[in-house]
Every structure is written in structure tokens, then in C-alpha cells.
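Coordinate inspection notes
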Amino acid sequence: MPAAQLPSFLLVGTPAAKAADVVAQRERLASEAGDAAKVSFEQLDRLSMLSLPTSHYKKIVSGATGPACFTHTVSALGQFATALQPNGSLHLTEPIALVEDAALSPLRTTSTLFRDLTLNGFIDLAALSLRVVDTVELKVWAATPNSPLAEAVNATTWAGKVAVVEVVAKKPSYETGASAALPLKFKKSTPAKEETSRIKVAPAKVAVWKVSANDDDDEDLVNEDDLIDADDYLKPDLADCGPTDGTAGKKKACKNCSCGLAEMETEDEARKEEEKAAKKQKVATKAVPAVQSSCGNCYLGDAFRCSSCPYLGMPAFQPGEMVTLNLKDDLTV
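Residues numbered from 1 in each chain as written. Predicted model: local features only at pLDDT ≥ 70, side-chain atom pairs only at ≥ 80, totals over all residues. Heavy atoms only, no water.

**Remarks on the packing of aromatic side chains**
Defined as follows: What counts as a ring pair is set by centres within 6.5 Å for rings of Phe, Tyr and Trp (its six-membered ring), and what kind of pair is set by the plane angle: stacked under 30 degrees, edge-to-face over 60, tilted for all other angles.
Per the stated rule, a full pass over the model turns up one aromatic pair. Measuring from centroid to centroid gives 5.0 Å for Y311 and F317, while their planes differ by 50°, and the two rings are tilted.

As C-alpha cells, this is what we get:
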């Protein structure tokens with residue numbers, strides 16, 4: 001069937017709906033559409049197995065055939081949004097919970113239902129009517145076959161906490177996933193030359209200092225030669241600096257010595273350190289007694305010496321050679 005001849009109104013009934021209620025709702029939509037052939041009918045529990053035409057229906061009515069104990073899944077709401085034309089309307093009749101209660105978990109509150117509709121792209125949401133369900137109707141729900149609430153309904157606990165709401169929602173005037181350019185207004189960029197011409201250049205400041213050839217006549221200048229005294233021309237007396245000949249007392253090098261006395265003092269200190277190291281080495285050598293080796297392996301090193309060897313810890317040496325220690329490297333900083 002061509003798309004133009006397809007029904008433009010969709011009536012979605014519940015599995016437990018009475019035939020008389022379905023006929024009454026269908027006739028009402030037919031009078032609104034102007035032709036009974038333009039009204040199509042589907043079952044709510046079969047929507048997951050159907051593929052509704054995209055952007056075709058002007059109006060979808062679901063849950064109005066009673067009993068009102070059937071809820072609409074998020075997937076069903078998404079199918080309705082896809083099947084509606086832009087600006088098409090959706091009329092839902094669904095049971096809701098009036099309060100947040102864990103015992104009413106199968107039901108959504110009005111705010112939750114509106115949130116799910118909004119997430120599926122619907123706008124202009126409104127609740128047309130709200131009717132509180134009494135205990136008698138709750139018992140009918142509990143006995144309704146194929147109802148998702150049949151096992152959860154508790155007429156005693158749910159009394160006064162459950163209602164039936166009729167909600168109307170609208171699909172936007174554009175298709176789902178449509179895109180459009182935003183009418184953003186940006187200032188046109190001005191060419192660099194025009195920008196440069198608009199910039200006001202500040203005039204150059206007059207030089208602060210002005211030198212004139214006649215300045216010497218008005219000002220008394222100081223002669224540099226007058227700033228030097230006669231003592232400034234005398235050479236410094238270096239008699240108090242430098243090494244002595246031994247007749248005078250010992251002098252110390254200046255902080256910024258340049259006569260060589262500082263180097264001489266450094267060499268003198270190094271020589272004294274060597275003499276001290278040599279004396280310590282000599283003392284250490286004399287401290288080792290002349291012991292006669294009983295094993296004959298003392299001169300080979302610690303690896304061949306016994307635990308009571310007097311040469312333990314000393315370097316290897318030749319037989320008959322006096323053991324000496326070089327402490328120069330250990331004492332040199």
C-alpha cells in the first residue's frame with residue numbers, strides 16, 4: 001500500500017481490553033480522522049515484534065481501551081517517537097505511583113514518566129487527567145491476565161497510592177536526528193590594512209636631554225686631572241709583601257696575593273703533610289714484630305694466612321722483605 005494510503009492514526013490496545021471498548025475508541029478516532037480506514041490498531045504487547053512505519057502517524061493513542069494496568073516501556077516510547085510525524089501527538093493512559101515507595105516499584109511516578117518521554121524526544125508534556133484507583137479496581141488488576149502488574153498488585157498496600165494518568169506529548173517539528181545550521185552572527189574580520197589605518201599612533205615624545213654646543217659656557221666642568229693627588233702617582237712599596245729571607249718574622253700571604261707567597265705556603269703545607277705521613281708509615285712498620293712464619297705462606301696474602309697470623313690484614317710481600325704501608329693516598333685529601 002502506498003504511504004499516502006496508510007492509516008494516519010494508530011490505536012494501541014491492551015491484551016485484556018474488551019472488544020466494545022476497542023470499537024468505541026476506534027470510532028472516536030475515525031470521526032476525528034474523517035475516515036475509518038485511516039485508523040490502525042495494534043496490541044501493546046506485540047510492539048516489540050513489529051516495525052512501525054517511520055514518521056507516518058499524526059496521532060497515536062495507547063492504553064485508553066482499559067483496563068489501565070499496562071505500562072509502557074522505554075522501548076515502546078521510542079517506537080512511538082519514530083512512528084509519529086513531526087508535530088504529531090501521543091496520548092498515553094498509564095498507571096502511576098503517587099508516592100515514592102519500594103512496594104510500588106513496578107510503577108513510575110509522573111515525573112519519571114515525563115523524564116522518559118523527554119529522553120525519547122517528546123516535548124510539550126502535559127497531564128490531562130488524574131484518577132486515583134480504588135481497592136475494587138486494584139483487585140481487578142490483580143486478576144487481569146497477561147498484566148505485568150498482576151503479581152505485584154496488593155490491594156491493601158496500594159490503596160490510595162496508585163492513580164491512572166492521561167498524558168499528552170508532542171513530537172518536535174523536525175525529524176529525529178535532523179541537523180540544522182545555527183544562525184550565529186559573527187563580526188566580519190577587518191583587513192589588516194584597515195585595522196592599521198584605524199590605530200592612532202601617538203606622537204613621538206620630545207627628547208628629555210638636549211645637548212647644545214654652548215653648554216660648556218654655562219656650566220663649570222670638573223677637570224679629571226684635578227681629582228688625582230700626587231700620592232696616586234707613586235708606586236706601591238712591596239717591601240712588606242713577598243717571601244722573607246729568614247731574618248724577619250714569618251709573614252702570611254694577603255687575601256689577594258699575587259707575589260707568589262700563597263703558592264709557597266700551599267707547597268709548604270703539602271710537604272709537611274707528606275712528612276707526617278712518612279712518619280706514621282715508619283711507626284706502623286716498626287710496630288710489626290719480626291715473627292717467624294711456621295707455615296711459610298704468610299707472604300702470599302690473607303687468602304693463605306691462618307686466623308692467628310700476625311700479618312693478617314697486611315698486603316702480600318716477598319719472603320724476608322719488611323712489610324711497609326703506603327698511607328699517602330689515605331691521608332691526602
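From this point, things continue past the structure.
**Some details on the side chain of T65**
Under the convention used in this document: A helix here means a DSSP run of H or I that spans at least four residues, while a strand means a run of E at least two residues long, and both kinds are numbered starting from the N terminus. For the exposure calls, accessible area comes from a 1.4 Å probe over protein chains only, and a residue counts as buried if that area is under 20% of its type's maximum, exposed if over 50%, partly exposed in between. Whenever a nitrogen or oxygen atom comes within 3.5 Å of another N or O atom, the pair is scored as a polar contact, on the condition that within protein one atom can donate a hydrogen and the other can accept it, and that pairs from neighbouring residues in sequence are kept only if both atoms are in side chains. Any two residues whose heavy atoms approach within 4.5 Å at even a single point are treated as in contact.
Mapped onto the secondary structure, T65 falls in the loop between β3 (57–62) and α2 (74–83). T65 gets classed as buried once you look at its relative accessible area, which sits at 2%. Within polar-contact distance, the side chain of T65 engages the backbone nitrogen of T14 at 3.5 Å. Apart from the residues within four sequence positions on either side, T65 is in contact with L11, G13, T14, A17, D21, V22 and Q25.

**What about the pattern of salt bridges?**
Going by this rule: When a carboxyl oxygen of Asp or Glu is within 4 Å of a side-chain nitrogen of Lys or Arg, the pair counts as a salt bridge.
What the rule picks out here adds up to ten salt bridges. We note a salt bridge from D101 to K161, for which the minimum N-O separation is 3.3 Å. Taken as a pair, D101 in the loop between β4 (84–97) and α3 (110–119) and K161 in the loop between α5 (155–158) and β6 (162–170) lie far apart in primary sequence, 60 residues in all. Note on D101: relative accessible area 28%, which makes it partly exposed. Between R305 and D302 there is a salt bridge, with its nearest N and O atoms 2.7 Å apart.

**Overview of the sheet that holds β6**
Filter applied, for reference: Strands qualify as paired when DSSP identifies two bridges or more between them. The convention used is that axes are lines fitted to C-alpha atoms, helices contributing only their stretch in contact, and that angles between N-to-C directions extend from 0 to 180 degrees.
Strands sit in the order β2-β1-β3-β4-β6-β5 across an open sheet of six strands; the sheet is mixed. Each edge of the open sheet is held by one strand with a lone partner, namely β2 (39–43) and β5 (123–132). Within this sheet the neighbouring strands show an average axis-to-axis angle of 15°, counted without direction. Taken together, the seven bridges between β5 and β6 define a ladder with antiparallel strand orientation. The partner of I123 across the bridge, within β6, is K170.

**As for the state of the cysteines**
We count it as follows: Disulfides are defined as pairs of cysteine sulfur atoms found within 2.5 Å of each other.
Counted according to the given criterion, the structure contains zero disulfides. We note that C309 lacks a disulfide partner, and the nearest cysteine sulfur, in C298, lies 3.5 Å from it. Its relative accessible area of 7% is what places C309 among the buried residues.

**Considerations on a nonpolar patch on the surface**
Rules: Patches here are clusters of residues that have more than 30% relative accessible area and form no salt bridge, with a 9 Å joining cutoff for like charges and a 5 Å cutoff for nonpolar side chains (Val, Leu, Ile, Met, Phe, Trp, Tyr). Exposure was quantified through the Shrake-Rupley algorithm and a 1.4 Å probe, taking into account, for residues, occlusion by the shown protein chains and nothing else.
On the surface, a nonpolar cluster with roughly 330 Å² of combined accessible area is contributed by L98, V99, L130 and V132. Position of V99 among the secondary structure elements: in the loop between β4 and α3. Residue V99 is classed as partly exposed on the basis of its relative accessible area of 38%.

**A look at the environment of N120**
With respect to the element layout, N120 can be found in the loop between α3 and β5. For N120, the side chain forms a polar contact with the main-chain nitrogen of G78, separated by 3.4 Å.

**Considering the pairing of strand β1 (residues 9–13)**
Spelled out, the test is: Here the term right-handed applies to a crossover when the path leading from its first strand over the helix to its second strand runs clockwise, the strands being oriented away from the viewer.
The element β1 is extensively covered by neighbouring structure, given that five of its five residues are classed as buried. Side chains F9, L11 and G13 of β1 all project onto a buried face; the interleaved residues L10 and V12 project onto the opposite face, where all are buried too. Strand direction decides the pairing type here: β1 and β2, joined by five bridges, are parallel. The residue of β2 that forms the bridge with V12 is E42. Running through helix α1 (residues 19–33), the crossover from β1 to the neighbouring parallel element β2 is right-handed. One ladder, built from four bridges, connects β1 with β3; its direction is parallel. Its bridge partner lying in β3, L11 is registered against V61.

**Quick look at the nonpolar core**
Within soluble globular proteins, side chains that are nonpolar tend to cluster in buried spots. Heads up, the rule is: Nonpolar core, defined: a set of buried Ala, Val, Leu, Ile, Met, Phe, Trp, Tyr and Cys residues in which side-chain atoms within 4.5 Å join the residues together.
Of all hydrophobic cores here, the largest spans 38 residues; its most connected members are I60, F80, L90, L117, F122 and W141. When residues of this core are traced back to their parent elements, those giving at least two are β1, β3, α2, β4, α3, α4 (135–143), α5 and β6. Element by element, the count of residues in this core is highest for β6, at six residues. For F80, the contacting residues outside a window of four places in its chain are V12, L47, I60, S62, H72, L90, L92 and F122. Core analysis: the next-biggest nonpolar cluster, separate from the first, contains eight residues, F9, V22, L29 and A30 among them.

**Description of the side chain of T109**
Take T109: it is sitting in the loop between β4 and α3. Judged by its relative accessible area of 12%, T109 is buried. A polar side-chain atom of T109 sits 3.1 Å from a polar atom in the side chain of S111. Side-chain polar atoms of T109 contact the side chain of T112, separated by 2.9 Å. If sequence neighbours within four positions are ignored, T109 has contacts with A97, V99 and E100.

**With respect to unusual backbone geometry**
Even without being glycine, N87 reaches a positive phi, approximately 70°. Note on placement: N87 falls in strand β4. Of the residues examined, N87 reaches a relative accessible area of 44% and is grouped as partly exposed. Positioned with a positive phi, D124 is a non-glycine residue whose angle comes to about 50°. Of note, D124 is situated in strand β5.

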